[in-house]
Amino acid sequence: MELQTFTPSLEISSCTKQENTEKSHHITQKGICLDQPFPDEDNSRLVYINDPRRTNHKYEFSGNEIRTSKYTVVTFLPKNLFIQFHRLAYIYFLVIAGLNQLPPLAVFGRTVSLFPLLFVLFVTAIKDGYEDWRRHRSDRKENNREALVLQCGNFVPKKWKKICVGEVVKINADESIPCDMVLLGTSDPNGIAYIQTMNLDGESNLKTRYARQETISMVVEDTFTGLIRCEHPNRNIYEFTANMEFSGKIIPLGQSNIVLRGCQLKNIEWIIGVVVYAGQETKAMMNSTASPSKRSRLESYMNRETLWLSVFLFVMCAVVATGMGLWLVRHLHQLDTLPYYRRKYFTNGPDNGKEYKYYGIAMEVFFSFLSSVIVFQIMIPISLYITMELVRLGQSYFMIEDRHMYDIASNTRFQCRSLNINEDLGQIRYIFSDKTGTLTQNKMEFRRASVYGKDYGNSHQNNVTTFETISEGELEEPTKQSEINVDSELLALLQRGIEGEERIAAHDFFLTLSACNTVIPMGKKYSSPNSDNKAVEAGAIDYQGESPDEQALVIAASAYGYALLERTTGHVVVNINGKKTRLDVLGLHEFDSVRKRMSVVIRFPNSSVKVLVKGADSSMLGILDVEDSRNTKVKQPTENHLVDYSSHGLRTLVIAARDLNDAEFSEWQARYEEASTSLTERSTKLRQAASLIEKKLILLGATAIEDKLQDGVPETIESLRQAGIKVWVLTGDKQETAISIGLSCKLLTLDMHQIIINGSSEDECRFLLANAKAKYGIKSEQSRDGTLKSKKKYDYDIVDCNDEKRTHGILITETGKQDPRYSGFTDNELRLSCEKYAVSDDIPLALIIDGNSLVYILEKDLETQLFDLATSCRVVLCCRVAPLQKAGIVDLIKSRTSDMTLAIGDGANDVSMIQMADVGIGICGQEGRQAVMASDFAMGQFRFLKRLLLVHGHWNYQRIGYLVLYNFYRNAVFVLMLFWYVLCAAFSSISAVTDWSSVFYSVIYTSVPTVVDNISLSKFKNLLAHYSPYNDFGIASSLSLHCDPSDFLAF
């Protein structure tokens, strides 16, 4: 089944936008568009294992037949026509054709008047019908596939469309999953299954799913019974909340226990599961909706021009009707003998002397007006819509086939997922970019480590060791080598006996790297370096994980002698310097955006229990044991190392651990089991359980991972800047890391003045913004020129540098009183700073702001202050931002200016930003294809953005713009010719050309040449050598739709 129209679970809700004065509240209302779980456990879905009749006794669950088509044979014609007539121009021509059918208004032949509209409707219907026929064919193929279903004790083939909720299904290797199933057992003794979710979320690496140890006995004993209580169907593919009643026990079920429709089984012989969601209720089908449609900016201009043309058309028709009335009054007594208005036939036939139908002067004037509308109808170009679609299609073809935008590494070409905004690529003024995976490669390599307050991995003491792994998802291919920085001093420390605080801390440090993750080792052989710092290769391990960071840390731990060999739901096996150690996993708290850390509770062979934690420094340093002497000794050096790592552009994590006594463990275990089996607010209860053990931790150290820049990123950013485009980076990394990457990619330059906003309260953020505006003489929104859509007034305003009424503070209230909290700046200091910076408009500014500050700014009355400051800077760098904050930043510019915005990213956290921007671009990267599926265009590398905007975008916009203007011009010329002829024909509304010539003039004669010319690539050469053409026809001087007709004669 093709799921090209899949929309990820992270998307902007379709809430109605409020006024700009309430936009701070509007941003907070945007949320993840996911169906909420049921409010109470009594309202849960009940699935009786291997009893579909009892499960669906009320016939409330859908079958497994899917349908992605829009139409049926019966509904195609009315439904398609209804959709097409959403275009007002079609209704206009329908009214014109209807008027022409009336005898008094029959200017053209009745068939001829219908031809243009029927032709356009027919072509569009053929296109829509063909696309829907392909969907029907795909649906039939999908529904008629077969799977093994348990019936009367045996697994027998059954068509997918006949599978029901509650049935037990068996899937063999490399087969697709027909519906959403809870795993009951697998061919692996530990209940592990590997699935590929390429068809669901586009991610190429394998995911690991588990069958609960309690349910494996069902498969062994061949007795499938039990009751599953689960949430109602929803589109969130990353969560599943349920529990199972089996043998008198309540077993918790989560995301790791379910396999979804559309996935494929890999590297395992078979799995057996019970169906919980089928057909249209599966998560894949609930996500198979199209991305929000975006309308081209040029089409809004077309509507404006069409409105003015309509006014002009009615003026001409009024002139003709008025002339008709005056002419009739003047020649009232001659109507029997004058041409065009004789009221009697003068022939030798049977009609001789027969009178015409004459309705009187008033009605004749009215009919003359309507007849003129019919004659001059070509003023509104109906063929323009078809012509634009053909031109866009041709332009998309050349963009897709452009070999300069083909990524060899990922074997991906450029994708046009939306054909109606091609020309918007040539009007971009703001680019909002993610960092990880977009500007960088998202291929993590372990570089440095801080262990017990000591830095390891510096270049002067670091040696490179070769460690072999298998690339993701390519088990059959030869292994490839990757470099691991193995510090000889740290390696020697790890090979000593476990004695002393430093050695114990190093042991727990690398044990945390090996055990505190969700990475699955595949393969039976492993690698471990010897004392000579040379890797002894007995084979290779393929570490499969959903996060490149986790894979890099596990590979590094293996290189230092802590190799992860096995992982199940209940234990892990780690090879510690040649000795296998089995650790029981008692509980796992996965990483979430609230806690920003991950922890695992393990039991050692000596029955001691310990919690191992890793996470962001912002969430880890605050939960350390302040009374422990080890933390007092290690914390400050570790923080210094974190700053140093970040300044070099490295991604950091803090590692900590603590021992749990029996009382602490018992309390946590009770809360954890209760939360794991809960059907309501499970994630909240799990966080509460984690808080019981994620406290008073002992700091072990920190890690530093390198994420290298993609090829051509600095050159691309510089080219875009020369073209007048501003590039903003929105990332979740630390501020120091983001600044370092910004310098390396030439986003930031050494001559830029950096304005850093790191506020911890609303008042502090207000002060920092006001101070920056006053220091650099930045004017407020109300006093600046520009194309601003909205203006807001706040209690606080920035006083201009030249204001004589300035007091000791930089904030002045509306009452004129000084705010005493921020009165540390003297008059002289403020005056000098304003004079120093405000005299020059060419000083490059860079705004650096963190997500914590944006919480107060975007949700408070500070958006205008941020907008004034940000738009005055050449570069804006937002750090530690959440996905919805990214969308809020985009909306800040989009809602307040008429500038076109573009968002580019590669992960699910970029979806909200991509859908908010005027143009969204997804990168086919390491984080899957969620961004691609929600985007308008997709490509393999960030550097292709240069050619996309400066070449294709420039010509798409210029040529479509000229196409629109030419169509309006050529129709105006034709109509004016008809108008002058009517004036010389006694205002009789007679046409100067034949019926078919009038129709073919715009549909065929003058349309085909423009289509060919606008698709042509003859002018694409050498454009990248000159950036000025982008500004000539781009948004810097928008192509006017009111041009001299002589321009088109030359064109």
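Going along each chain's sequence as written, the residues are numbered from 1 onward. The model is predicted, so local features are restricted to residues of pLDDT at least 70 and side-chain atom pairs to those at 80 or more, both for listing and for counting; the totals for chains, interfaces and linings are taken over all residues. Each side-chain value is worked out from all heavy atoms of the structure, with water and hydrogens disregarded.

## Some words on the overall build of the chain
As a reminder of what qualifies: Helix numbers and strand numbers start at the N terminus; a helix is a DSSP run of H or I with at least 4 residues, a strand a run of E with at least 2. Remark: exposure states derive from per-residue accessible area (1.4 Å probe, protein chains only) relative to the maximum for the residue type, with buried under 20%, exposed over 50%, and partly exposed in between. In what follows, residue pairs with any heavy atoms lying within 4.5 Å of each other are defined as contacts. Here the accessible surface of atoms and residues is derived via Shrake-Rupley with a 1.4 Å probe, and residues count as covered only by protein chains that are part of the display.
Across its full length, the chain holds 32 helices and 39 strands. Residues classed as buried in the chain amount to 55% of the 1051 residues present. The long-range share in the chain, meaning contacts at least 24 apart out of those at least 6 apart in sequence, stands at 72%. When the accessible surface of the chain is split by element, carbon and sulfur atoms take 53% of a total near 45700 Å².

## So, a positive patch on the surface
Selection rule: Patch construction takes residues with relative accessible area above 30% that form no salt bridge. Like charges are linked within 9 Å, and nonpolar side chains (Val, Leu, Ile, Met, Phe, Trp, Tyr) are linked within 5 Å. Should a side-chain nitrogen of Lys or Arg be within 4 Å of a carboxyl oxygen of Asp or Glu, the pair is scored as a salt bridge. By the counting scheme adopted, Arg and Lys are positive, Glu and Asp are negative, and His together with the chain ends is not counted. For this purpose, a charge sits on NZ of Lys, CZ of Arg, CG of Asp or CD of Glu.
Side chains of Arg-134, Arg-137, Arg-140 and Lys-141 sit close together on the surface and give a patch of like positive charge. One can find Lys-141 in helix H5 (residues 110–143). With a relative accessible area of 67%, Lys-141 lands in the exposed category.

## Considering a nonpolar patch on the surface
On the surface, a cluster of nonpolar side chains totalling about 490 Å² of accessible area is made up of Leu-307, Trp-308, Val-311, Val-315 and Val-319. Assignment of secondary structure puts Val-311 in helix H9 (residues 297–330).

## Considerations on the packing of aromatic side chains
Short version of the rule: Under the pairing criterion, centres of Phe, Tyr and Trp rings, with the six-membered ring standing for Trp, must be within 6.5 Å; the plane angle then separates stacked pairs below 30 degrees from edge-to-face pairs above 60, leaving the rest tilted.
All chains considered together, the criterion is met by 17 aromatic pairs. Measuring from centroid to centroid gives 5.3 Å for Phe-432 and Trp-728, while their planes differ by 80°, and the two rings are edge-to-face. In this pair, Phe-432 sits in strand E15 (residues 428–433) while Trp-728 sits in strand E31 (residues 726–730), placing the two residues 296 residues apart along the sequence. Since its relative accessible area comes to 0%, Phe-432 is described here as buried. For the ring pair Trp-668 and Tyr-672, a centre distance of 4.9 Å and an interplane angle of 20° mean the geometry is stacked. A residue pair is termed a helical-turn pair when its members lie 3 or 4 positions apart in one helix, as Trp-668 and Tyr-672 do in helix H17 (residues 662–676) at four residues. Note on accessibility: Trp-668 and Tyr-672 belong to one class, buried. Chaining the aromatic ring pairs together yields one cluster made of Phe-509, Phe-510, Tyr-560 and Tyr-562.

## Here's the deal with unusual backbone geometry
With a phi close to 60°, Asn-50 is a non-glycine residue in the positive phi region. Its place among the elements puts Asn-50 in the loop between strand E1 (45–48) and helix H2 (52–55). Of note in this structure, Tyr-452 is not a glycine but carries a positive phi near 55°. Residue Tyr-452 is classed as buried on the basis of its relative accessible area of 11%.

## Some remarks on the pattern of salt bridges
As enumerated under the stated definition, the model contains 33 salt bridges in all. Notably, a salt bridge pairs Glu-863 with Arg-896, separated by 3.6 Å at the nearest N-O pair. Residue Glu-863 is located in helix H24 (residues 863–871), and its partner Arg-896 is located in the loop between helix H25 (883–894) and strand E37 (900–905); the two are separated by 33 residues in the primary sequence. For the pair Glu-863 and Arg-896, a shared accessibility class is recorded, and that class is buried. One continuous salt-bridge network, built from bridges that share partners, spans Glu-142, Arg-145 and Arg-261.

## A word on the sheet that holds strand E9 (residues 242–246)
In a beta sheet, neighbouring strands are held together by backbone hydrogen bonds and run either parallel or antiparallel to one another. Going by this rule: Strands qualify as paired when DSSP identifies two bridges or more between them. Convention adopted: a line fitted to C-alpha atoms gives each axis, helices being fitted over their contacting stretch, and angles between N-to-C directions are expressed from 0 to 180 degrees.
Spatially, four strands are ordered E1-E8-E9-E10 in an open sheet, and the strand pairing comes out antiparallel. Unpaired on one side and paired on the other, E1 and strand E10 (249–253) mark the two borders of the sheet. Ignoring which end each strand starts from, the neighbouring axes of this sheet average 20° apart. By the bridge criterion, four bridges tie strand E8 (residues 227–230) to E9 in an arrangement that is antiparallel. When the sheet's bridge partners are listed, Leu-227 is paired in E9 with Glu-245.

## Considering the UniProt feature "binding site: Mg(2+)" (unreviewed entry) in the chain
We count it as follows: UniProt positions are given in the numbering used here, feature names are shortened, and annotations may be inferred rather than shown by experiment.
UniProt tags Asp-434, Thr-436, Asp-906 and Asp-910 as "binding site: Mg(2+)" (unreviewed entry). Taken along the chain, the residues just named run across 477 residues; in space they keep tight, none of their C-alpha pairs more than 10.7 Å apart. In this fold, Asp-434 is placed in the loop between E15 and strand E16 (440–451). For Asp-434, a relative accessible area of 4% gives the class buried.

## Thoughts on the UniProt feature "active site" (unreviewed entry) in the chain
Counted only if it meets this: Two N or O atoms count as a polar contact when they lie within 3.5 Å, although within protein this holds only if one can serve as hydrogen donor and the other as acceptor, and sequence-adjacent residues are included solely when both atoms are side-chain atoms.
Here the UniProt-annotated "active site" (unreviewed entry) positions come out as Asp-434. Those residues in contact with Asp-434 that lie beyond four places of it in its chain are Leu-439, Leu-730, Thr-731, Lys-886, Ile-904, Gly-905, Asp-906, Asp-910 and Met-913. A distance of 3.3 Å separates a polar atom in the side chain of Asp-434 from a polar atom in the side chain of Lys-886.

## Observations concerning the sheet that holds strand E6 (residues 192–196)
Reading across from one edge, E7-E6-E12 is the order of the three strands in this open sheet, with antiparallel pairing throughout. With one partner strand each, in any of the chains shown, strand E7 (206–210) and strand E12 (264–266) form the two edges of the open sheet. Recorded for the sheet is a direction-independent mean angle of 45° between the axes of neighbouring strands. With five bridges joining them, E6 and E7 adopt antiparallel strand pairing. Bridge pairing links Ile-192 to Tyr-210 in E7.

## Topic: the side chain of Asp-180
Along the chain, the position of Asp-180 falls in strand E5 (residues 180–186). Although Asp-180 is buried, it makes no salt bridge; Lys-283 carries the closest opposite charge, 5.9 Å away. A polar contact of 2.9 Å, which involves the side chain of Asp-180, links it to the backbone nitrogen of Lys-283.

## Regarding the packing of helix H11 (residues 383–400) against helix H28 (residues 944–983)
Rules: Oblique is the label for any angle not under 35 degrees, not over 145, and not in the 65 to 115 range, which are roughly parallel, roughly antiparallel and roughly perpendicular in turn. A clockwise turn of the near helix away from the far one marks a right-handed crossing, whereas an anticlockwise turn of less than a right angle marks a left-handed crossing. Ten residues, namely Ala, Val, Leu, Ile, Met, Phe, Trp, Tyr, Cys and Pro, are considered nonpolar, four, namely Asp, Glu, Lys and Arg, are considered charged, and the remaining ones, Gly among them, are considered polar.
Contact geometry for H11 and H28: axes closest at 11 Å, N-to-C directions at 160°. On the basis of their axis angle, the class for H11 and H28 is roughly antiparallel. You can see that H11 and H28 cross each other, and the crossing is right-handed. Contacts between H11 and H28 pair Ser-383, Leu-384, Thr-387, Met-388, Val-391, Arg-392, Gln-395, Phe-398 and Met-399 from the former with Leu-948, His-952, Trp-955, Asn-956, Arg-959, Ile-960, Leu-963, Val-964, Asn-967, Phe-968 and Arg-970 from the latter. The residue makeup of the contact of H11 with H28, split by class, is eleven nonpolar, six polar and three charged.

## Comments concerning the side chain of Arg-651
By the element assignment, Arg-651 lies in strand E29 (residues 650–660). Classification of Arg-651 as buried rests on a relative accessible area of 18%. Within the local environment of Arg-651, its side chain forms a polar contact with the side chain of Asp-549, the two groups lying 3.1 Å apart. Contact partners of Arg-651, with chain neighbours within four places excluded, come to Thr-436, Met-444, Asp-549, Thr-703, Ala-704, Ile-705, Asp-707 and Asp-733.

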